[in-house]
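Single-letter residue listing:
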Amino acid sequence: MSANAPAGRPFRDGLLRLDPPRLLGSRCPSCGTTAFPAREFCPSCRAVDGLAEAELGTEGRIATFTVVRQAPPGVAVPYVLAQVDLPDDDVRLLTTVVGAAPEDVALDLPVTLELAPFGTAADGTALLGYRFRVRPSRGEVPA
Amino acid sequence: MSLAPAHVAGVGMVRFGKYPAEVTLERMAVGAARAALADAGAALTAVDGLYVGHVFGGPVAGQRIAAQLGLDGRPVSNHENYCASGATAVREAWVALAAGLHDVVVVIGVEKMTDRISGGVRPDPGDLDAAVGYVMAAGHAMSARRYLADHGATREQIAAVAVKNHAHSVHNPYAQYQTPISLEQVLGARPIAEPLGLLDCSPISDGAAAVLLASPAGLRRLGITGPTPRVLGVGLVSGGVLTGTGDLNAEDVSRRAGEEAWKLTAVGPDEIDLVEMHDCFTIAEIVRMEGLGLIPRGQGAAWTADGHTSVGGRLPVNPSGGLLSRGHPVGATGAAQVCELTWQLRGTAGGRQVEGARTGLAYCKGGTVNGTDGGSVTTVVMAR
């Protein structure tokens, strides 16, 4: 474990690895398609045998996004929700995006995976999920 | 294999809107069903079975309705496909008639939402999208953002869907909203999920719609001898698991739903005179029409702003006012679309009548499933 490894466990089994933070998908041995979240079949060729766990790349780009201004009770707004493409894996996933004011988020912005608090389990353990952070542009000092 | 059409012997609705808690699911459903039976001049004793579409009605809502309506004891089934629930009930009723199981059936779509839903609807809590913050409005907002960037469309053109559908519903006595709205009102409305605002979103509504369907033998039982609009067939497909990073607005699920409809009915897309389209959000009407192949890719927004999808245009979409204006009690919508197509095909739609309407399509898309291009999609093809 690295010195600043987060305490807690993933909010769902098989979805992510904490140290270092990685999303976990499945890769098809027949056609090479990667799926996230992991599935017990290949969505491209329908193979069901030999699907392997795949650690996904951590760098992505915003394919589209919205600023959610109204949500059901108990959900704090506003927040940025995006479809993020991971080009190394040819995977698109839904995620919240942080690290920029809503008005500064744009299509094609580069983003990086990070862990995010995801509530608390019934036994008191902290739960961890994922989100993506806008990568600081060159020359900019990260906050 | 082709199945026989189902004849629409009668239709009925209660006006969609926001009703107090004492106007219950059962009461609305009974009101719509009685109106459909009266429209056909049919007695309760003529009915073989009841098909009910709903999402939030709870266990055996259909049987609770039957016990209030007077169809207790009959075969009753409940159908949940989120916003396509009502249309799915129509499909199952059509299949039962074609199979010879029944000759006269009542289909009801019904929902009571305003006392139990606030802030918008979202996927099942067990779905990964819900866990990371998805709400329906957000999904359509992301679709709109990409559409604007990919097709050179404007925000005003997308907003024109709401203006057009509200202009139509001025003439629909069953619509929740019956007053026109301006482009400025849509653009200036409170933001919900950018770039979409409040008037880009269909409302949370209560309501019910009912359809009395019959086989030829059923029509004889009912003593109906004149022409009736027919449900030629109902396509049903589910969202597919997506791979890769292709066009976010590909709407392959809509393409497949259209193909199902054309295959089941031998009607081609060029024969469709009007469409009742699931415009749960403004952008949804545009990308779904394009996915079906009824409007060329990337041109739906401009078509709307240019009036091509207005009553009187080349392909009228949502003469009823659609979900944006008629309201969207989710389980009721598919049945309400069949009511509207029936009135249009009879030529009795009044100020919103599509002149010369011979063949119509009603499309519903219900729910979302993580990683797919949708939950369920239905395509009802009707002819006069």
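Residues numbered from 1 in each chain as written. Chains lettered and ligands numbered in written order. Predicted model: local features only at pLDDT ≥ 70, side-chain atom pairs only at ≥ 80, totals over all residues.

Caption draft 1: Up close: the overall build of chain B. Helices and strands together make up the secondary structure of chain B, namely 13 helices and 11 strands. For 384 residues, the compact-globule estimate of 2.2 N^0.38 gives 21 Å, and the C-alpha radius of gyration of chain B, at 19 Å, lies within 12% of that figure. Projected onto its principal axes, the C-alpha coordinates of chain B cover approximately 55 × 40 × 40 Å. Looking at chain B as a whole, 62% of its 384 residues are labelled buried. Across chain B, every contact between residues at least 6 apart in sequence was considered, and the portion connecting residues at least 24 apart equals 78%. (Helix = DSSP H or I, 4+ residues; strand = E, 2+ residues; numbered from the N terminus. Rg over C-alpha atoms; globule rule 2.2 N^0.38 Å. Buried ≥ 20, exposed ≤ 12 C-beta atoms within 10 Å, placed from the backbone. Contact = placed C-beta atoms within 7 Å.)

Caption draft 2: Structural view of the overall build of chain A. When helices and strands are counted, chain A shows 0 helices and 10 strands. In chain A, the order of α-helices and β-strands from amino to carboxyl end is β-β-β-β-β-β-β-β-β-β. With respect to the principal axes defined by its C-alpha atoms, chain A has extents near 45 × 40 × 35 Å. Residues classed as buried in chain A amount to 33% of the 143 residues present. Taking contacts inside chain A between residues at least 6 apart in sequence as the whole, the part at least 24 apart equals 47%.

Caption draft 3: A look at the interface of chain A and chain B. In this assembly, 27 residues from chain A lie in contact with 26 residues from chain B. At the level of elements, β6 (59-68), β7 (79-86) and β8 (91-98) of chain A are the ones that each hand at least two residues to the side of chain A that touches chain B. With 6 residues, β6 of chain A is the single largest residue contributor to the side of chain A that touches chain B.

Caption draft 4: Examining the domain arrangement of chain A more closely. Residues and elements named next belong to chain A. By domain assignment, chain A separates into domain 1 (13-56) and domain 2 (57-135). Of note, the centres of domain 1 and domain 2, computed from C-alpha atoms alone, are 20 Å apart. Taken together, the 9 residues of domain 1 in the interface contact 12 residues of domain 2. With 3 residues, strand β3 (residues 22-27) is the largest single contributor of residues to the side of domain 1 that touches domain 2. Residue composition of the side of domain 1 that touches domain 2, grouped by class: 6 nonpolar, 2 polar and 1 charged. (Domains from an automatic or database assignment. Nonpolar A, V, L, I, M, F, W, Y, C, P; charged D, E, K, R; others polar.)

Caption draft 5: Representation of the nonpolar core. All names here are of chain B. Among the nonpolar cores identified, the biggest contains 154 residues, and Val90, Val107, Ile108, Ala210, Val211 and Leu213 are the most heavily contacted of them. Looking at this core, the element that brings in the most residues is helix α1 (residues 25-40), giving 9 residues. Excluding its chain neighbours within four sequence positions, the residues that come into contact with Leu213 are Ala6, His7, Val8, Ala9, Ala93, Trp94, Leu97, Val105, Val107 and Val231. (Core = buried A, V, L, I, M, F, W, Y, C linked by C-beta atoms within 7 Å.)

Caption draft 6: Representation of the domain arrangement of chain B within the structure. Residues and elements named next belong to chain B. The domain boundaries assigned to chain B delineate domain 1 (6-115 + 205-227) and domain 2 (128-201 + 232-383). Between domain 1 and domain 2, the C-alpha centre-to-centre distance is 24 Å. Of the residues lining the interface, 34 residues belong to domain 1; the matching set on domain 2 comes to 33 residues. At the level of secondary structure, the elements contributing two or more residues to the side of domain 1 that touches domain 2 comprise β1 (6-17), α3 (85-98), β4 (104-111) and β7 (206-214). In terms of residue count, α3 provides more of the side of domain 1 that touches domain 2 than any other element does, 7 residues in total. Its residues placed into classes, the side of domain 1 that touches domain 2 shows 19 nonpolar, 11 polar and 4 charged.

Caption draft 7: Spotlight on the pairing of strand β11 (residues 376-383) of chain B. Residue and element names in this part refer to chain B. Burial runs high along β11: 7 of the 8 residues are buried. Taken together, the 8 bridges between strand β8 (residues 230-238) and β11 define a ladder with antiparallel strand orientation. Bridge pairing in β11 links Val231 to Met382. Pairing analysis gives 8 bridges linking strand β10 (residues 359-366) to β11, with the strands arranged antiparallel. Following the sheet pairing, Ala362 is matched in β11 by Val380. (Pairing = 2+ DSSP bridges.)

Caption draft 8: Region of the structure containing the sheet that holds β8 of chain B. All names here are of chain B. Taken together, the 9 strands give an open sheet; going across it, the order is β3-β2-β4-β7-β1-β8-β11-β10-β9, and neighbouring strands pair in mixed fashion. The open sheet has two edge strands with one neighbour each: β3 (76-79) and β9 (274-276). Neighbour-to-neighbour, the strand axes of the sheet open up by a mean angle of 20°, direction not taken into account. (Axes fitted to C-alpha atoms, helices over the stretch in contact; angles between N-to-C directions.)

Caption draft 9: Expanded view of the packing of helix α9 (residues 252-265) of chain B against helix α10 (residues 282-292) of chain B. All names here are of chain B. For the pair α9 and α10, the least separation of the axes is 7 Å and the interaxial angle reads 50°. With respect to α10, the element α9 is oriented oblique. As α9 runs across α10, the sense of the crossing is right-handed. The segment α9 lies against α10, with Ser254, Arg255 and Gly258 engaging Arg288, Gly291 and Leu292. Grouping the constituent residues of the contact of α9 with α10 by class yields 1 nonpolar, 3 polar and 2 charged. (Parallel < 35°, antiparallel > 145°, perpendicular 65-115°, else oblique. Left-handed = near helix turned anticlockwise from the far one by under 90°.)

Caption draft 10: Structural context of unusual backbone geometry. That bond from Asp19 of chain A to Pro20 of chain A is cis: its omega, 0°, falls within 30 degrees of zero. Examined against the element boundaries, Pro20 of chain A turns out to sit in the loop between β2 (16-17) and β3. Following Glu194 of chain B, the chain continues into Pro195 of chain B via a peptide bond in cis, with omega recorded as 10°. By the secondary structure assignment, Pro195 of chain B is in the loop between β5 (191-193) and β6 (196-197). If you check the backbone angles, Arg46 of chain A has positive phi at about 70° while not being a glycine. Within the fold, Arg46 of chain A resides in the loop between β4 (34-35) and β5 (52-55).

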